[in-house]
Each structure stands twice: as C-alpha cells, then as structure tokens.
Amino acid sequence: MTTFLSLTFAGLALGAVYFLAASGLSLIYGLMDILNFAHGMFMTLGAYAGWDLATHLPATTPSVLTFAVEVVAAIAGGALVALLTEVVFIRPLYGKPLSQVLVTIGLDLAVVALLLGGFGANSLSLPVPLWFLEATHAGSVLLPNADFIALAAGVVVLVVLEWFLRRTRFGIVIRAGVENREMVSALGVDVGRAFTLVFVIGGAMAGLAGLLYTAVFTGDLLSPLQGDGLLIFAFIVVVIGGLGSIRGSAVAAVVVGLLQDYANYYGGQHAGFSEIGNLSTVLLLALVLEVRPRGLFGRAT
Amino acid sequence: MTYAIELEDVHVSLGGSHVLQGVSFRVPTGGVTALLGRNGVGKTTTLRAIMGLAPHTGTVRVLAHDTRGLAVHRVARLGVGYVPEDRDVFAGLTVAENLRLAERVEVPAYDDAFALFPDLADRLRQRAGSLSGGQQQMLAIARVLLNRWPLLVVDEPSKGLAPKLVGEVADALSRVATTSTVLLVEQNLAVVRRLAERVVVLDHGRVVHQGPVGDLDDADLARQLLGVAAAP
Amino acid sequence: MRVPRLGLAVGVALVVLAALVPYLGLHIPAVLPGTQDVLNSAGNLSILAVSFVFGAVALGYDVLFGYTGLLSLGVVLHFATGVYVFDIALTDWHWSLAAALAITAAVGLGLALVVGAISLRVTGIAFTMVTLAFAQAFYFLIQDNPHGLTGGQDGLALSTTRLPSVLSGAVSNTRSLYWLALAFLVVAGAAVWIFIESSVGHVLVAVRDNEARVEVLGLRPFGFKLAAYTLSSLVATGAGVVYLLLIGTAVPDAVATTTLTLAIVVMVMLGGAASRGGAVTGGILYWYLESLLVKVSGQPSFAGLPAVVRVPLSQPQFLLGAIFILFVFFVPGGLAGTVARLRARRAGGSPGPGHPVTAHSVLARLVPSRSDKEAS
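Residues numbered from 1 in each chain as written. Chains lettered and ligands numbered in written order. Predicted model: local features only at pLDDT ≥ 70, side-chain atom pairs only at ≥ 80, totals over all residues. Heavy atoms only, no water.

(A) Fine view of the packing of aromatic side chains. Under the counting rule described, the total for this entry stands at 26 aromatic pairs over all chains. Chaining the aromatic ring pairs together yields one cluster made of A:Tyr18, A:Phe233, C:Tyr139 and C:Phe140. Lying over the aromatic face of B:Tyr3, B:Arg26 brings its terminal NZ or CZ to 4.3 Å of the ring centre. (Phe/Tyr/Trp six-rings, centres within 6.5 Å; stacked < 30°, edge-to-face > 60°. Lys NZ or Arg CZ within 6 Å of the ring centre and 35° of its normal.)

Below, the structure written as structure tokens:
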C-alpha cells in the first residue's frame, strides 16, 4: 500500500508535467490544425534558457532564488521561441496546415541538432535547491519534494489557464476559434492575433514543462533530446484527451502519468520489460482511438 | 443613389466546380434586398464572397470600400454584420460569451438586442448549444445588432424554424431594416414579400432577374425563376 | 497503360549502368562518400547499396504518402521489422536462410495488415499520430531486449554462420551485396509501378483526390488504402532484410527511430511526391548526401572551420531539418515537380494530370479545411 501511494504520487507529478507539455499542443491544434512538432524544441530551449541564466548568477545567490530565476527564464524563453516560430515560419504558410506541420518538424530537427552540436548529449547539470532532492514523510509514505513542485505547477497552470479561457476576451476568442475559426473572423475578430497568442501561451507552458522535467525527473541533467522524448507522450496525452480540449489534456495527462508509473513498477520488474511503462501508454492510445477516435473530451466532427 | 454592396463579374470556384459565373448586382442603401434562387445556385457562396470567406475574382465593394486584399475580419469591420446559414453560433460558449465575442464598439447596444429578443436576456449563462433552434437563430441575429452596423448580411434566417418563430424572426428583421441595409437570402417567399423591397434572382451562378419585390406577383415568372409556386 | 517509353529507356539504362559500377575503377576526387576516391571501392559500393535500399523504401512510402495521400509516421516500424525478425531468426534461433526469409515475410505481412487495419480506422492527423505511436512502441520494445532477443540498446550483430558465403562478410562480398541491393530496388520498383498503374492504383489516386466520390461509386476506400499500406510496408520490410545483410548489425537508434521516419519523408519530398522516379531519386540522393557529409565533417581540414559553420555541418539532423524547411517554402513539388514545371514552361502549357503533384497538394488532402463549406 505504501508503495502504491508513492507510485500514485509520482505518477501524478509526471502527469502534471505531461499536462504542461500537452495543453499548449492541444490548444494550437484545436485553433490552427497544426500538429506542432516544434513543441519539443520549445520544451528543450526553455530548460536551456533556465540553465543559461542560472549559470550567470553570482555564486552566492540563494538556491531558491536561482530556481525562481530558472522558472522565469524557462517560461520567457519558451514564449519567445514560440513567438518567433509563429511569426517567421507559421504565418507565411497560413492556410496550408500540413506545410506548417512539416516546417515545425524541420525546425525541431534543426534546433535539436544545433544544441547537440553546441552542448553535447548529456553534459549539463541544472542547479536546483537541495530541498528538491529530499523527501517528505507523510505517515509511512515517502514523498519526493521535487514532485510537489511539479504537481503544484500543474495545478496552478490548469487553474490559470481555465480562468484565462473562461473569463478573458482573448480566452473566449480562442475557445470560439477552436469551434469555428471562420465565423470568429466574420464577426470582425482578428484570428491571426489569437494564433500568435496560443503559440506564446503554449511556448511558455512548454518552457516550464521542459525545466520541471529536468528538475524533477532526469536527475537535473539537461539533454537536447529531452523535449522530443517528452513530446511523444504529450502527443499521446493530447490524442487521448481529445484534440483542442484543455480538460481532456488534464485528465489524460494524469491517466498516462499514473499508467506509466504503475506499469513501470509492477511490469518492469520482469527482465526485458524495463520500458513497459512507455509501451503501455502507446497501447492505451491505440485502445482509446479504436473505441473513441475523437478522444475522451474531443468534439464530434 | 448610394449602394451598400456592389458586385461586378464575381466568379467563385469551389473544389473544381464553377459556382459563381460572373455575378453582378448592386444593393441600394436602406431597406431589404432579397437574394433568391433555387437550392445550389450559389446564394450562400455569394454572401461568402461578399464577406471575403470565399476566394473569388471580380470586384466586391462593401459600403463603398473595395474588399480586394482585405482579410475577413477587416471586411466585417467596415460595418457588416454576418448571420450565417444554419444558425452558426458557438455551441460551447454561453449566450453571454457569444455576444461578448461580437462586440466591436465601446458601448455595445445590448438594449436593442434584448428588446428584440427578450428570451436571450434570461439565458445569458446558458450554453448556446443547448438553446432551441429558434433561440440560436435569435442569438445569431442579436450578435450582429450589438455594433449598430449599417449593413447586415443574413443567410436563410427562417430555415428549419416553426411558423410562429419565423414570424418573430421576420418581425425582428423588419425593425432592424429601419436602421440598417439588409441583404437577405431566404427561401420562404412569404417572408420575402413581407420584408423585401427588391429582389435579385440567381440561377446557375448568374443573376437572371432583378427588380421590385412586386415582380414575384407574376406567378409564371416566380415559378420560372424559383421553381416554386409563389402563391401567398 | 501509359508507358513513357523514354522514361523506361532511361530507367533501364541507369540500372545497367549501376550494375556495372563494381567494374568501374574510376578515380573521382572529393565527391565520393567513401574514404577512398575510387568508384568501386568497398566503402563506396556499400554506401551506394544502402542508398538503393533507402531508394526502395522511399518508393514504397510514396505509394502511401504521394499516391494515397496518407501521412504515415510509422514506416520505420516495418523497416525495423525486416531488420530484426530476420536477424533474430538467423542469429538467436540459428534458422536456415529460407526459414528466416519465410518468417520475416510472414511477420512483415501480418504486422502490415494488423497495424494498417487499426491505423486506418482513423483519418487525417489522427492516422499520423497512431502510426507514430505504433512505431514508437516498437522502438521501445526492441530497446527493452525482451527475452534477450534484440540486444537492447547495443543491438544485435548478425550471425553469418547460416548464410551462404556469397552473402556473408560485408567487406569480402561487397559486390554481391551491392548487386543484391540493386536487384531489390528493381524488383520493388517494378512492384510499385505495376501497383500504381493497376486499377487499384487509379482508385487510390481517386481516394486521395476525393474520397467521398469514390464511396459514391460503391467502392470501399478502406480496402484500397489497406492494400497501399501493405505494399508500402512490405517494401520497407524487404528493404530491412537487405539493409541488415549490408550493415551486418541491428541497432534500434539506426533503424527504428522517428528521425529515420522523417528522413524518409524528406527523401520523398526531395524527389517529389507521387512522381515516377521522384521518390527513388530522392532516397538515393539523400543517403549519398548524408554519407558525403559525414565524411567531410570527419576530415581534419573541417576542424579548422569556425564553429559557426562547423557545428551545424557536423550535425546531419540539422541539415535534415533545414532541407525540410527550405523545401516546404521554396520547392514544394520536389525535384520532379521542378523538372515538370520547367518542362511545362518550355512547352508553354500547364502540367497535365499525369504530372507530379506538389507535396502540398497531397498534404492538403490530409486535413479537411473548415472553410470548405458546400455552396448552396
């Protein structure tokens, strides 16, 4: 039981990071029909932006402050890269959604390769507060502190995003645009600005996801490939949750995170099945698509 | 005479079929002009070309502005309210959100909208998708009244509505028409007779008749043009 | 059948020329991808042979991508199936060559039918994502090394004890392996060509252009799409077998990654989708260029370049990405599309229906635009 509770907690934390990665993807797809492969690059660059700024701080900076700087840098970095991507590469191809998809694939490959060439595969370590590496006792259950951070970030972003989408005019434009982009513009609304905005929001969340993934799950090691690894699971979450649905992404992210953790622990003990958790998420995707091709919360087409 | 809409030699091809083949007509400022024709002759496509939603060649002038090169939202901001066919409201948004989305002026005329459609005022928090067909139609019209724009383009507002609701929608449009120019696509000839001053008839992607609404009284002409008996 | 006689003659001439390459000891400086500047050196022949393998994969992939309008990101699943099943049968189980080929064919066909049938239940982007997920699952599986069969991350070197001597030893028998790769390319090309020119192939193009219209005619597109998926996958599986014989080892990161899938998409875009000879040209050209680049970036003079130039050029994936972007923006029809455009310009007419379509016109079918409302 103790093990099960620990696993559940870790799975929820993983799900929180998946949600951060997936919700932006889902919004971008819902509004613009773009399957954004460059999202992996947003995540990776966010983490690198955090690392870069942290290494330029004076050595005497308190570790909590360093981490705060990293978070801000990751969010800003992800948002900035996403903004440039939308303006420079996506906008000129407006009306050609699949050319846009191909461009995002190309961008992701090119940028990841540049990072590999510049920094190597696995050489950088992200400074995090020592507290992250410790654990909190809850009864007999040990809960890693870093997981709390991931979980809190996921919940905060979910709440803020829901507020933004329900209460602000831009949020209403985005939700309406996911339903019927054409009719939104026929009401005199510049949908192009909404496109840029979802990219920026998606990029900001992706940057945060990339940083937290490094701080919580990779032993603080940065890799240029981490974003693309995360991207596969973000895709799986988005499709299971239903393209364009934030709540769907949230539910699916938790399901996928838990499934992966349980499967890894209970199935991975058998020799040759150490990655059964990864495999199980793909099988879940296939199953969901067979039973309900539009995903759990997807709109009917 | 000034014109709210002018079309000159407008062509539209959709998926390989030549839907509009040189449509030219003008909608004078003020009152209701009805765009008529059988199913599939290109009425909706004509409205979409006016809004910039259908790629076209030829010239479209809206409120004296050439729309060439204008994005759809820029055309709308010239002062055009568009009520699409099939009551295209945003089903996942509430009534209030649907209305808020359409606001383009500092002080939106909610009073006007709610005076015409008091039902909506009571249902502001309801999801538009859960409204009845008639209520959705009212929302689609109310949405474009908020800005008191000079021109409304309305696509088949009576389609699929119960007779009583058709009357209500027609009442509303006739009041709107006292302050705005309306271009109306409508199959229900009783509604057309009641609202419209002028008619433009399309067939096979071309304008085949223009004139005062009284022309429809000639039953032979009406049958020939529209393929329906025009008796009231 | 519309047989372009000139095209066929050029094709035959190129195959004959390619078959003679092992006898051509020409000294060509700088542009050869192998370490020696002699055309028929073992290194050059081996790289050329692998380029034929990927030419065949691209050709098969184009049946699905170009002609049927389906963007699958699962092609490496079938390629890696050929590599691994054949390897496991020979190396782990010590089966005979014939038995190994038989089981590879059986598993390849079965997997193509099952994965195809499941994936084709959904369309558009969802199809793309499911195929990607299946391929990724296969990658995870072989990385996991279940029952010690695949060797995991380190890979599984091919045991050559059960192979005829003419096929074993990549160095000593480079020539025979080279001819084998060329023969496979010719067979795969013929199979694809016959398929595309058959009535099934014509239905596929109709499905791509207007699926609803095909359904109105009383045909079920599913069966035709599955046929295209299966052929495409079988070519990839066969290519996997030849690849394994050439390279001699199966490593997940070389044969089963999404990067390889994307490289195959680029090959087709490079040559031109849905064009005769386009995909195969793209596949061969891509592999040649990548190999050349690897060679150039390993030379001592390269290290002297400024980092701004050296770092990007030393990363094949950077160039892959850059080519992707450049082609989408500037050469959407690939090489074949450009050739057709130039020809049409010279002839003063527009390219007819038999000419290559642009990658975008193919891709545009994949996502139904919400603005395509019916006219009324």
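(B) Region of interest: the interface of chain A and chain C. Taken together, the contacts link 48 residues of chain A with 41 residues of chain C. Carbon and sulfur atoms supply 76% of the area buried between chain A and chain C, which totals about 4100 Å² over both sides. Seen at the junction of chain A and chain C, the total is zero salt bridges. Remark: the boundary between chain A and chain C carries zero residue pairs in polar contact (both at pLDDT 80 or more). Elements with a contribution of two residues or more to the side of chain A that touches chain C: α1 (2–32), α3 (63–90), α4 (97–119), α6 (169–186), α8 (226–241) and α10 (276–291) of chain A. Here the element with the most residues in the side of chain A that touches chain C is α4(A); it accounts for 15 residues. (Contact = heavy atoms within 4.5 Å. Buried area = accessible area lost by both parts, 1.4 Å probe. Salt bridge = Lys/Arg side-chain N within 4 Å of Asp/Glu carboxyl O. Polar contact = N/O pair within 3.5 Å; in protein donor to acceptor, adjacent residues only side chain to side chain. Helix = DSSP H or I, 4+ residues; strand = E, 2+ residues; numbered from the N terminus.)

(C) Spotlight on the interface of chain B and chain A. With 24 residues of chain B at the interface, the matching set in chain A holds 19 residues. Roughly 1900 Å² of surface becomes buried between chain B and chain A when both sides are summed, with 55% attributable to carbon and sulfur atoms. For chain B, the biggest contributors to the area lost against chain A are B:Phe90, B:Arg100 and B:Leu101; these three give 31% of the whole. At the surface where chain B touches chain A, the tally comes to two salt bridges. The partner of A:Arg175 in a salt bridge is B:Glu97, and the shortest N-O contact between them spans 2.8 Å.

(D) View of helix α3 (residues 75–92) of chain C. All names here are of chain C. Helix length check: α3, at 18 residues, gives a terminal C-alpha distance of 25 Å against a target of 26 Å (1.5 Å per residue), a fit within 8%. Counting buried positions along α3 gives 17 out of 18 residues, so the element sits mostly inside the fold. Residue His94 follows α3 closely and has a positive phi angle near 55°. (Expected span 1.5 Å × (residues − 1). Buried < 20%, exposed > 50% of the residue type's maximum accessible area, 1.4 Å probe, protein only.)

(E) How the structure looks around the sheet that holds strand β7 (residues 151–155) of chain B. All names here are of chain B. Read across the sheet, six strands follow the order β6-β7-β8-β3-β9-β10 without closing on themselves; strand pairing throughout is mixed. At either end of the open sheet lies a strand with only one pairing partner, and these are β6 (80–83) and β10 (206–212). Averaged over all pairs of adjacent strands, the angle between strand axes in this sheet comes to 15°, irrespective of strand direction. With four bridges joining them, strand β3 (residues 32–36) and strand β8 (residues 181–185) adopt parallel strand pairing. Each residue of the ladder has a partner; that of Thr33, found in β8, is Leu183. Those strands touched by helix α6 (residues 133–145) are β6 and β7, and its axis lies near 170° from that of β6. (Pairing = 2+ DSSP bridges. Axes fitted to C-alpha atoms, helices over the stretch in contact; angles between N-to-C directions.)

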